[in-house]
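# Inside the fold
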Amino acid sequence: MPKKIGFKPMRESIQDPEFLITDFAKFDRPSQLHLGFQALHAFQKKHGRLPKPRNEADAIEVLAITKDINQHLNGSAKQEELKEDLLKKLSFQALGNLAPMNAFIGGLAAQEAMKALSGKFMPVMQWLYFDALECLPEEKEDAILTEENCSPKNCRYDGQIAVFGSGLQEKLGKQRYFLVGAGAIGCELLKNFAMIGLGTKEGGEITVTDMDTIEKSNLNRQFLFRTWDVTKMKSETAAQAVKQMNPDLHVTAHQNRVGPDTEKVYDDDFFESLDGVANALDNVDARMYMDRRCVYYRKPLLESGTLGTKGNVQVVIPFITESYSSSQDPPEKSIPICTLKNFPNAIEHTLQWARDEFEGLFKQPGDNVNQYLTDPKFMERTLKLPGSQPLEVIEAVYKSLVTDRPKTWTDCVSWAFHHWHTQYSNNIRQLLHNFPPDQVCGAF
């Protein structure tokens, strides 16, 4: 519901801001960054540019501007004491441009847009400042990140070099990573890998494996895929998409399930050659298996997963941090659609498949037809459904009443005969064709 009082206009809010705290360990930083960003804007207006990376003179000027702004404030934004080290770091990073950070901020912006369009949930109130300064070196930061090391190199990674230096960029290019899964999280990780230059130098490589094919239902969240990619292999299609984003990327696509049966492929030599592993899996068993393998080979693991609107991420460094298997996620209540359609491996998968099949054939179409015939406002309500649902519902009603409506007992028997062959013969044959025992992995 809209706030009764409403939001303050920009002019008032700058003087008397309200902050949304993202990290209570940094409770005092938003008020400092609020002043720092105003100083950056003033610096840019004066010089026509942002402060140079790690440039001490520019940082001192930004600090002086911040002090001047603070002195002329009257509202709650005024600070008794400025954190000079924090403000200098803000100046040092001003030219930074990090793809993973952009993705995070973009997700927040999209969420706020959805709130505005739907009129649901409380929007950000009213300023949000996010920092991740803990990503910088903990020791000898000034020795590692010098002005020369962070200066632009006239390459696509200059925004990243401005923050982390050219030394780290060189190391990123030589990394060898194993990405398990090319679904929603896998697409996001691959995109970020391409943008940051992971595996782009000689010796660097990303190996991605996923045994699934692209379904129409994947398109709303697995953004590397398009309508014409439906039925293609996820790993191959994702690899091709990120190669277009960054032609220097060395990426190899596999279609293997990770588990004991593929340990001949992902053997000692394979794991020993890796610098790290990233999980983008949709089931707990596979995630625990990969966690055990990473602990055994002492490889760092970026573990992540989603379940509906819930998500988690965990950085696992063997013998330093807790591993994924050390604690258990709650049991999954829903079963991923790709598991149901292509790789059922438990009795509940077959039961859920049969239930979905029954409802899709005999319950939902019948309910829609009855509502269409008896409810005069059916079309009005249907057209208000989001996305492509109105077209899908109306097409289903049309098929039930016109094109696919059986007129005789023979029609019913014929429909059952063809449907049985589709589900219990043709689809199974197609699945075996897509995943033959002697399947050879593609490389890009």
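Below you will find a few notes about this structure. (Residues numbered from 1 in each chain as written. Predicted model: local features only at pLDDT ≥ 70, side-chain atom pairs only at ≥ 80, totals over all residues. Heavy atoms only, no water.)

## Details of the sheet that holds strand β5 (residues 301-307)
- In space, the 6 strands of this open sheet follow the order β3-β2-β1-β4-β5-β6, with mixed pairing throughout. In this open sheet, the two edge strands, each paired with only one partner strand, are β3 (251-254) and β6 (310-316). The mean angle between the axes of side-by-side strands here comes to 15 degrees, regardless of whether they run parallel or antiparallel.
- Sheet analysis places strand β4 (residues 276-279) next to β5, joined by 2 bridges and oriented parallel. Following the sheet pairing, V277 is matched in β5 by L301.
- Across the sheet, helix α10 (residues 234-245) touches β2 (205-209) and β3, and the angle it forms with β3 is around 165 degrees.
- Each of β1 (176-180), β4, β5 and β6 is contacted by helix α12 (residues 284-297), which is oriented at about 170 degrees to β5, the strand it contacts most. (Pairing = 2+ DSSP bridges. Helix = DSSP H or I, 4+ residues; strand = E, 2+ residues; numbered from the N terminus. Axes fitted to C-alpha atoms, helices over the stretch in contact; angles between N-to-C directions. Contact = heavy atoms within 4.5 Å.)

## Section: helix α9 (residues 184-196)
- Counted at 1.5 Å a residue, the expected span for α9 with its 13 residues is 18 Å, and the 19 Å between its end C-alpha atoms agrees.
- Listed as buried for α9 are I185, G186, C187, L189, L190, K191, N192, F193, A194 and I196.
- A positive phi of about 85 degrees marks G197, the residue just after α9. (Expected span 1.5 Å × (residues − 1). Buried < 20%, exposed > 50% of the residue type's maximum accessible area, 1.4 Å probe, protein only.)

## Structural notes on α10
- With 12 residues, α10 should cover 16 Å at 1.5 Å per step; its first-to-last C-alpha distance of 17 Å lies within 8% of that length.
- Close packing links the buried residues of α10 with α9, β2 and β3.

## As for the packing of α9 against α10
- α10 packs onto α9 with a crossing angle of 25 degrees between their chain directions and a minimal axis gap of 9 Å. As summarised for this structure, α9 and α10 are arranged roughly parallel, according to the angle between their axes. In the crossing of α9 with α10, the sense of the turn from one axis to the other is right-handed. Contact with α9, carried on its side by L190, K191, A194 and M195, involves A238, V242 and M245 of α10 and no other residues of that element.
- Broken down by class, the residue content of the contact of α9 with α10 amounts to 6 nonpolar, no polar and 1 charged. (Parallel < 35°, antiparallel > 145°, perpendicular 65-115°, else oblique. Left-handed = near helix turned anticlockwise from the far one by under 90°. Nonpolar A, V, L, I, M, F, W, Y, C, P; charged D, E, K, R; others polar.)

By themselves, these figures tell us nothing about what the structure is for.
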